[in-house]
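Here is what each chain is made of, one letter per residue.
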Amino acid sequence: MSRGCYVSSFFDYPDQSPAAPAKVELLLGDATDDEWAVLLRHGRDRRFGPGDTVVTMGSREQSLYIVLEGQLEVLAPRGRRGYKRIALVEAGSVIGELSFFDGGVRSAHVRAATAAVLAELTPTEFDALAVARPDLARRLLFDLGRILAQRLRAAQRAPSTAGEN
């Protein structure tokens, strides 16, 4: 997995120039190859072609997805006009962390922008990781919390889109 990752702003709009890519820290950027091997053994590989749906908004499944290769588009409803892209997620990052933590419905639609390979980790598979390697499971949880905090801070700094159809 690449140690450098660039992700466009969570708030790139079609009628505005995209934000300059910002360097973001990777999920478990300091993990060793052996630790990654352990983590990936507890999940399962999922492959998607360009345009394939990865996550459906409103669904109740709770898996966490680690992007190993490719790019994903995070889409939000845009009134009667379909969807607007609110994020581009690249290799080294994750999606699905909200539902993974709280069991709530998926908050966005995610599809593959390019061919993509993801590692899917269900709560049951995470529990098995926590038994086998509690230190690694704890680090994963703290790093997911860090990523959630970064995303929340970015959302708080973004301009409001209230009233947009």
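What counts and how
Residues numbered from 1 in each chain as written. Predicted model: local features only at pLDDT ≥ 70, side-chain atom pairs only at ≥ 80, totals over all residues. Heavy atoms only, no water. Buried < 20%, exposed > 50% of the residue type's maximum accessible area, 1.4 Å probe, protein only. Helix = DSSP H or I, 4+ residues; strand = E, 2+ residues; numbered from the N terminus. Arc of directions from axis to C-beta. Pairing = 2+ DSSP bridges. pLDDT = per-residue confidence, 0-100. Contact = heavy atoms within 4.5 Å. Phe/Tyr/Trp six-rings, centres within 6.5 Å; stacked < 30°, edge-to-face > 60°. Core = buried A, V, L, I, M, F, W, Y, C linked by side-chain atoms within 4.5 Å. Salt bridge = Lys/Arg side-chain N within 4 Å of Asp/Glu carboxyl O.

## Comments concerning helix α1 (residues 33-41)
Within α1, the full set of buried residues consists of Glu 35, Trp 36, Val 38 and Leu 39. Buried positions in α1, seen along its axis, are confined to an arc of 160° and lie on one side of it. The outward face of α1, more than 90 degrees from its buried face, is lined by the exposed residues Asp 33, Asp 34 and Arg 41.

## With respect to the sheet that holds strand β10 (residues 116-121)
Here we have four strands laid out as an open sheet, ordered β3-β10-β5-β8, and antiparallel in their pairing. On the outer flanks of this sheet lie β3 (44-48) and β8 (94-95), each paired with one strand and no other. Pairing geometry for strand β5 (residues 64-69) and β10, over five bridges, is antiparallel. Of the residues in β10, the one forming a bridge with Val 67 is Leu 118.

## Topic: the confidence of the model for the protein
This prediction gives the protein a mean pLDDT of 85; 81% of its residues lie at or above 70. Segment residues 1-23 is flagged for pLDDT under 50; beyond a separation of four residues in sequence, or across chains, it makes 48 contacts in the model.

## Looking at the packing of aromatic side chains
Under the counting rule described, the total for this entry stands at two aromatic pairs. Taken together, a centroid distance of 6.0 Å and an interplanar angle of 70° make the contact between Phe 100 and Phe 101 edge-to-face. Classification of Phe 100 as buried rests on a relative accessible area of 9%. You can call Phe 101 partly exposed: its relative accessible area is 41%. Chaining the aromatic ring pairs together yields one cluster made of Phe 100, Phe 101 and Phe 126.

## With respect to the environment of Gly 145
Among the structural elements, Gly 145 can be located in helix α4 (residues 134-157). Using a relative accessible area of 31% as the deciding quantity, one classes Gly 145 as partly exposed. When the C-alpha atoms of Gly 145 and Phe 101 are compared, they prove to be 9.6 Å apart, with 44 residues separating the residues in sequence.

## Notes on the nonpolar core
If you look at the biggest cluster of nonpolar residues, it comprises 21 residues, and the most contacted ones within it are Leu 27, Leu 28, Leu 39, Ile 66, Leu 129 and Leu 140. Looking at this core, the elements that each hand over two or more residues are α1, β5, β10, α3 (123-132) and α4. In terms of residue count, the dominant contributor to this core is α4 (five residues). Counting 15 residues, the second largest nonpolar core, distinct from the first, contains Phe 48, Val 55, Val 89 and Val 110.

## Here's the deal with α3
Here α3 has its buried residues at Glu 125, Phe 126 and Leu 129. Along the axis of α3, the buried positions cluster into a sector of 100°, meaning they face one direction only. Opposite the buried face of α3, at more than 90 degrees from it, the exposed residues are Thr 124 and Val 131.

## Observations concerning the pattern of salt bridges
Evaluated as defined, the whole model comprises eleven salt bridges. A salt bridge links Glu 61 to Arg 106; its shortest N-O distance comes to 2.6 Å. Placement of Glu 61 in the loop between β4 (53-55) and β5 and of Arg 106 in the loop between α2 (97-102) and β9 (109-112) is noted, with a sequence separation of 45 residues between them. Of the residues examined, Glu 61 reaches a relative accessible area of 27% and is grouped as partly exposed.

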